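Fold and geometry: a report
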Amino acid sequence: MKIAVVILNWNGSKLLEQFLPSVLKYSPEAIIYVADNASTDDSIAVVKTKFSTVQIIQNKENLGFAGGYNEAIKHVEADIYALVNSDIEVTKNWLQPILETFNNEPSTAFIQPKILDYKNKDYFEYAGAAGGFIDKYGFPFCRGRIFETLEKDSQQYNDDCDIFWASGACFFIRSSVFKTLKGFDTDFFAHQEEIDLCWRAYNKGYTIKYNSKSVVYHVGGATLQKGNPKKTFLNFRNSLLMLTKNLPKSSLYTTLFIRMVLDGIAAIKFISQGNFSHGFAVLKAHYSFYCLFSKNYKKRDTFQKQSYYKTKSIVFTYYVKSGTIFEKLF
């Protein structure tokens, strides 16, 4: 199978210098692309001078994660796309188990590798860990990471299993499925677009898997830091858009109402802690959601599965029952 590794970049020349060598060294099976989102630094020059075998795709403007990949992939011919952040270090033989699974399991559309923390390599990394799930109200969590609790990798998730979403930091998708789903939703710009893509795939009957034999290390927060209010805005708004598009119709409005109440509690918590910019970002996210509701409601598919969530409320489990370790909860 022909595989293309596509690395989306925006002003990440230092990251490319640091992490492209591992991708080139350990990906002999793949064609490597850097999809540049109209960087204003020397990213293009760095790739041309130091990594001459890497193909360059130049987007005319910064289209975010969603639009950036959608535009770049128009120029990529492959059976499998590996969508990889610029702050990912890959390891020896990371592609072989992925290709084997795709070859042996025609129904598998997405695969996520094991994602460990580059800065603390014995621990899972926040963005994906050992595969993602959501609760009834759309809050994401992972095997190996529930909210702020990161587990140590003690081989407890050294398996291959079905998951609900694969991390945008690094995941593999059949090109035919990406095209069938019409790629990422560009209304999202960045954050949670990969969960939305996986949910849309799930509603169409595709399978999303985690493969522990493929291991990568992720820095995390290299483009948009966790403390940035814009990140808070995008996460809260996009989660609501995702629910609007993918929830079963019978529970859509009730679930949205409860989720928005929980968001309001989060905003009050931010403000009470003195994080006024983040509290305002939640309110701004709700306003933006109202403006986009009608447009995104029209994107709903003809069928939505009822059994999309792993637990009713991971918020209650984590904060009230102090349930922090995935394998002890499920």
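Notes on the structure in this doc start here. (Residues numbered from 1 in each chain as written. Predicted model: local features only at pLDDT ≥ 70, side-chain atom pairs only at ≥ 80, totals over all residues. Heavy atoms only, no water.)

**Quick word on the pairing of strand E7 (residues 120–124)**
Defined as follows: Two strands are counted as paired when DSSP detects at least two bridges linking them. For the purposes of this entry, the term helix denotes a DSSP run of H or I that reaches at least four residues, the term strand denotes a run of E that reaches at least two, and both are numbered from the N terminus.
Bridge count for strand E6 (residues 108–117) against E7 is two bridges, and the pairing is antiparallel. By the bridge assignment, Asp117 is partnered in E7 with Asn120. Linking two consecutive strands that pair antiparallel, namely E6 and E7, is a turn of two residues.

**Considering the packing of aromatic side chains**
The line we're drawing: Centres within 6.5 Å make a pair out of two Phe, Tyr or Trp rings, where for Trp the six-membered ring is used; the pair is then stacked when the planes are under 30 degrees apart, edge-to-face when over 60, and tilted otherwise. A simple rule labels every residue: compare its accessible area, found with a 1.4 Å probe on the protein chains alone, to the largest value its type can have, and call it buried under 20%, exposed over 50%, or partly exposed in between.
In the structure shown here, the tally under the stated rule is 28 aromatic pairs. Judged by centre distance (5.6 Å) and plane angle (50°), the ring pair of Trp94 and Phe172 falls under tilted. With a gap of 78 residues between them, Trp94 in the loop between strand E5 (88–90) and helix H4 (96–104) and Phe172 in strand E13 (residues 170–174) connect regions that are remote in the sequence. Of the two residues, Trp94 and Phe172, both sit in the buried class.

**Quick word on empty space enclosed by the protein**
Which entries qualify depends on this criterion: Any residue with an atom within 4 Å of a point lines the site, the site being either a cavity, points on a 1 Å grid over the protein atoms alone where a 1.4 Å probe fits but cannot get out, or a pocket, an open set with protein on both sides within 12 Å along at least 5 of 7 lines. Grid points are joined across faces, edges and corners, and a volume is the space filled by probe spheres set on the points. Each residue is assigned to one of three groups, with Ala, Val, Leu, Ile, Met, Phe, Trp, Tyr, Cys and Pro labelled nonpolar, Asp, Glu, Lys and Arg labelled charged, and all others, Gly among them, labelled polar.
Scanning the entire structure with this criterion turns up one cavity of 30 Å³ or more. Lining the largest cavity we find Ile7, Leu15, Leu16, Phe19, Leu20, Val23, Val84, Asn85, Ser86 and Ile88. Residue assignment for the lining of the largest cavity shows that the elements contributing at least two residues are helix H1 (13–26) and strand E4 (80–85). By residue number, the principal contributor to the lining of the largest cavity is H1, which donates five residues. For the lining of the largest cavity, a count of residues per class yields eight nonpolar, two polar and no charged.

**Describing the pairing of strand E14 (residues 207–218)**
Counted residue by residue, E14 has ten buried out of twelve residues, so it is predominantly covered. Where E5 meets E14, three bridges bridge the pair, whose relative direction is antiparallel. Each bridged residue has a counterpart across the sheet, and for Glu89 the counterpart in E14 is Tyr217. Pairing of E6 with E14 involves nine bridges; the strand directions are parallel. Within E14, the position partnered with Ile115 by the bridge is Val216. The pairing of strand E12 (residues 160–162) with E14 spans three bridges and is antiparallel. Considered in E14, the bridge of Asp162 is made with Lys209.

**Looking at the packing of helix H6 (residues 193–203) against helix H7 (residues 229–246)**
Note the cut-off: Convention adopted: a line fitted to C-alpha atoms gives each axis, helices being fitted over their contacting stretch, and angles between N-to-C directions are expressed from 0 to 180 degrees. In these notes the angle categories are as follows: under 35 degrees is roughly parallel, over 145 is roughly antiparallel, 65 to 115 is roughly perpendicular, and the rest is oblique. Any two residues whose heavy atoms approach within 4.5 Å at even a single point are treated as in contact.
In contact at an axis separation of 10 Å, H6 and H7 are set at 10° when each is read in the N-to-C sense. In terms of orientation, H6 lies roughly parallel with respect to H7. For the pair formed by H6 and H7, the contact residues are Ile195, Asp196, Trp199, Arg200 and Asn203 on the first element and Met242, Leu243, Lys245 and Asn246 on the second. Per-class residue counts for the contact of H6 with H7 are four nonpolar, two polar and three charged.

**Considerations on the pattern of salt bridges**
Test applied: One speaks of a salt bridge when a side-chain nitrogen belonging to Lys or Arg is within 4 Å of a carboxyl oxygen belonging to Asp or Glu.
Under the definition given, this model contains 15 salt bridges. When the shortest N-O distance is used, the salt bridge between Lys50 and Glu17 registers 2.4 Å. Remark: Glu17 occurs in helix H1 and Lys50 occurs in helix H2 (residues 43–50); sequence separation between them is 33 residues. The closest approach of N and O atoms between Asp185 and Lys245, which form a salt bridge, is 2.7 Å. Note that Asp185 is positioned in the loop between helix H5 (175–180) and H6 and Lys245 in helix H7, a separation of 60 residues in sequence. For Lys245, a relative accessible area of 4% corresponds to the buried category. When salt bridges with common partners are traced through the structure, they connect Asp185, Asp187, Asp196, Arg200, Lys245, Lys295 and Lys299 into a single cluster.

**What to know about the layout of surface pockets**
Approximately 210 Å³ is the volume attributed to the second largest pocket. Elements with a minimum of two residues in the lining of the second largest pocket: H6 and H7. Across the lining of the second largest pocket, the residue classes tally to one nonpolar, three polar and seven charged.

**Section: a nonpolar patch on the surface**
Convention followed: Within the patch definition used here, like charges are joined within 9 Å and nonpolar side chains (Val, Leu, Ile, Met, Phe, Trp, Tyr) within 5 Å, considering only residues with over 30% relative accessible area and no salt bridge. Methods summary: accessible areas were calculated by the Shrake-Rupley approach with a probe of 1.4 Å, and residue burial reflects only the protein chains presented.
There is a patch of nonpolar side chains on the surface, built from Phe257, Val261 and Ile265 and spanning about 310 Å² of accessible area. Within the secondary structure, Phe257 sits in helix H8 (residues 252–272). The exposed category is assigned to Phe257, whose relative accessible area is 57%.

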